[in-house]
Amino acid sequence: MAATGARLRTPLCDLLGIDHPILQSGMGGVAGPELAAEVSGAGGLGILAGTLTAAPALRDAIAALQGATARPFGVNLLLLPELRTPTSTDLLTDDELAAVHAALAPMRATLGLPDQRRRPRTAPDLVAEALDVILDAGVPVLSIGLGDPGPELVERCHRNGTKVIAMVTTAADARTVEASGVDAVVAQGAEAGGHRSHFTKPDRTDQADVGTMALVPEVVDAVRIPVIAAGGIIDGRGLVAALALGAHGVLMGSRFVATRESTAPEVHKKRLLEEAGTATVVTDTFSGRFARVLRNRFTEDYASSGAPVLPFPSQLLANADVRAAATDQDDAEHLPLWSGQAVGRIDDLPWAREVITDTIAQAHALITHGLARATGLTDR
């Protein structure tokens, strides 16, 4: 690792062709072309959200991103089995659906929506078309969550000149994606916001629930490819800590949600500026897969209803009208407010470029001047 001037380089930078070892999470509903372009333009790796996006819209978003920056960038896809081989919603029982709609009924009433009992449609298989679009467009980096890409897909990407990064929550899964040939692995600690990157959904939220400080060195020791730390990292202190643990860089999510270019609803950003680290909860009630969000009426009321949670993405489709109305009405109480546990340290709404420059400057100062001088530590 070399730290010179305003740059902080690791081998990850050379691998991805970036100036700084900072990646921006490709969260759905947050990471559009503008945010990704600004992060890449500032020397990090901006990542566009691509999951559940139809091929024409994804193609347009990638074109917009390519038109805004000549720097490397990535596109994120979730590769969980429920998306790659969608299960027909005809398999859901009438009792399950009735219970889910009963839990959503008070929320719909609050938002002025009509009651409904419809069976959600079966999700289309968008993954194959999305991969075609990504590779046809020459996207430099494919970022993967909630699944093992497998050797065949990785080799296809490499033939196209596309690097592959996969996110995991355990050292065992890190070894699996390394065997598939990925170029780098993101070790996602339990503190991270958004979906937990489990290959299969655990029975409970406390399974595969290892914190960043413990997970990163375990993954570093388990694989030979570069490791990227994620979870609870929002500034230069977190970057230096990750590097000290053996990571080659960091992926930040919540910090970039609370930026001016983020496409998250303004009420989401406002809540991030107001809440403490104790305000998050891991829930599957929005999508059917576990994710860390800010606690709100949706998470509390659904949990207290005792209703079942449908498999991903049927759960997401079942409450789509609630989320859409909440977005239109600026109602933060019924939105999935993706957030990690570092939210208590987010108190401003900068430009994405400022996040990069400030993080690097702080990390550079810590490394250059020494931790003792920068933090006030002594050897007494």
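For the structure itself, look to the data block above.
Residues numbered from 1 in each chain as written. Predicted model: local features only at pLDDT ≥ 70, side-chain atom pairs only at ≥ 80, totals over all residues. Heavy atoms only, no water.

Q: Any chance you could break down the nonpolar core for me, citing the residues and the numbers?
A: One broad trend across soluble globular proteins is that nonpolar side chains are buried collectively. Formed by 104 residues in total, the largest nonpolar core has its most connected members in Ile62, Val185, Val219 and Phe256. Once residues lying within four places of it in the same chain are set aside, the contact partners of Val219 are Thr170, Ala171, Ala174, Val185, Ala187 and Val227. In this structure, Leu12, Cys13, Leu16 and Ala184 belong to the second largest nonpolar core, which totals 15 residues. (Core = buried A, V, L, I, M, F, W, Y, C linked by side-chain atoms within 4.5 Å. Buried < 20%, exposed > 50% of the residue type's maximum accessible area, 1.4 Å probe, protein only. Contact = heavy atoms within 4.5 Å.)

Q: Explain empty space enclosed by the protein residue by residue, including any values.
A: According to the stated counting rule, one finds three cavities of 30 Å³ or more in the structure shown. Taken as a whole, the largest cavity encloses approximately 60 Å³ of empty space. Gly50, Thr51, Leu52, Leu77, Leu78, Leu83, Pro124, Leu126, Val127 and Ala130 together form the lining of the largest cavity. For the lining of the largest cavity, the residue count by class is eight nonpolar, two polar and no charged. (1 Å grid on protein atoms, 1.4 Å probe; cavity = no way out; pocket = protein on both sides within 12 Å on 5 of 7 lines; lining within 4 Å. Points joined across faces, edges and corners; volume = space filled by probe spheres on them. Nonpolar A, V, L, I, M, F, W, Y, C, P; charged D, E, K, R; others polar.)

Q: A description of the packing of aromatic side chains should follow, citing residues and the corresponding values.
A: This structure, assessed with the given rule, holds two aromatic pairs. Taking 6.1 Å as the distance between ring centres and 10 degrees as the angle between the ring planes, the aromatic pair formed by Phe298 and Tyr302 counts as stacked. Of this pair, Phe298 and Tyr302 are both found in helix 13 (residues 297-305), four residues apart, which corresponds to roughly one turn of the helix. Since its relative accessible area comes to 0%, Phe298 is described here as buried. On the basis of relative accessible area, Tyr302 is assigned to the buried category, the value being 1%. Each residue in the set Phe286, Phe298 and Tyr302 is aromatic and connected to the rest through ring pairs, giving one cluster. Of note, Lys201 hangs over the ring of Phe290, and the distance from its end group to the ring centre comes to 5.0 Å. (Phe/Tyr/Trp six-rings, centres within 6.5 Å; stacked < 30°, edge-to-face > 60°. Helix = DSSP H or I, 4+ residues; strand = E, 2+ residues; numbered from the N terminus. Lys NZ or Arg CZ within 6 Å of the ring centre and 35° of its normal.)

Q: Requested: an account of the pattern of salt bridges, with residues and values cited.
A: Going through the model one piece at a time under the given rule, you end up with 20 salt bridges. The closest approach of N and O atoms between Arg117 and Asp115, which form a salt bridge, is 3.2 Å. Assessed through its relative accessible area of 47%, Arg117 is described here as partly exposed. Across the salt bridge formed by Asp206 and Arg204, the nearest N and O atoms sit 2.9 Å from each other. For Asp206, a relative accessible area of 48% gives the class partly exposed. On the basis of relative accessibility, which here comes to 45%, the residue Arg204 falls in the partly exposed class. Among the charged side chains, a network of salt bridges with common partners joins Arg9, Asp14, Asp19 and Arg71. (Salt bridge = Lys/Arg side-chain N within 4 Å of Asp/Glu carboxyl O.)

Q: So what's going on with the layout of surface pockets? Which residues, and what values?
A: Counted as a void, the second largest pocket has a volume near 190 Å³. In this structure, the second largest pocket is lined by 13 residues; those nearest its centre are Ile234, Asp235, Arg255, Asp348 and Asp358. In terms of residue class, the lining of the second largest pocket is built from three nonpolar, three polar and seven charged.

Q: Go over the side chain of Thr212 with me, naming the residues and quoting the values.
A: Residue position: Thr212 is located in helix 9 (residues 212-222). What makes Thr212 buried here is its relative accessible area of 7%. Sequence-distant contacts of Thr212, that is, excluding residues within four places in its chain, are made with Gly189, Ala190, Glu191, Pro217, Ala230, Gly231 and Leu245.

Q: Can you tell me about helix 3 (residues 55-68), naming the residues and giving the values?
A: In a regular helix each residue adds 1.5 Å, so 14 residues correspond to 20 Å; helix 3 covers 20 Å between its end C-alpha atoms and thus fits that length. Among all positions in helix 3, only Ala55, Leu58, Ala61, Ile62 and Leu65 are buried. Taken end-on, helix 3 shows its buried residues confined to a sector of 125 degrees, consistent with a single buried face. Facing away from the buried side of helix 3 by more than 90 degrees, the exposed set consists of Asp60, Gly67 and Ala68. (Expected span 1.5 Å × (residues − 1). Arc of directions from axis to C-beta.)

Q: Tell me about the environment of Thr327, residues and numbers included.
A: Summarising the element assignment, Thr327 is placed in helix 15 (residues 320-328). Considered as a pair, Thr327 and Ile360 are 33 residues apart in the sequence and their alpha carbons are 34 Å apart.

Q: Mind laying out the sheet that holds strand 9 (residues 194-195), listing which residues take part and the relevant values?
A: Judged by pairing direction, the sheet is antiparallel, and its three strands sit side by side in the order 9-13-12 without closing on themselves. Two strands in the sheet have a free side with no partner beyond their single neighbour: strand 9 and strand 12 (280-283). Bridge analysis of strand 12 against strand 13 (residues 291-294) gives four bridges, and the strand direction is antiparallel. Bridging across to strand 13, Val282 finds its partner in Arg292. (Pairing = 2+ DSSP bridges.)

Q: Kindly report on the sheet that holds strand 8 (residues 184-188), identifying the contributing residues and their values.
A: Taken in spatial order, the eight strands make up an open sheet running 3-11-10-8-7-6-5-4, and their pairing is parallel. The sheet terminates laterally at strand 3 (22-24) and strand 4 (46-49), the two strands that pair on one side only. Across the sheet, the mean angle from the axis of one strand to that of its neighbour is 25 degrees, orientation sign disregarded. Bridging between strand 10 (residues 227-230) and strand 11 (residues 249-252) involves three bridges; their strand directions are parallel. (Axes fitted to C-alpha atoms, helices over the stretch in contact; angles between N-to-C directions.)

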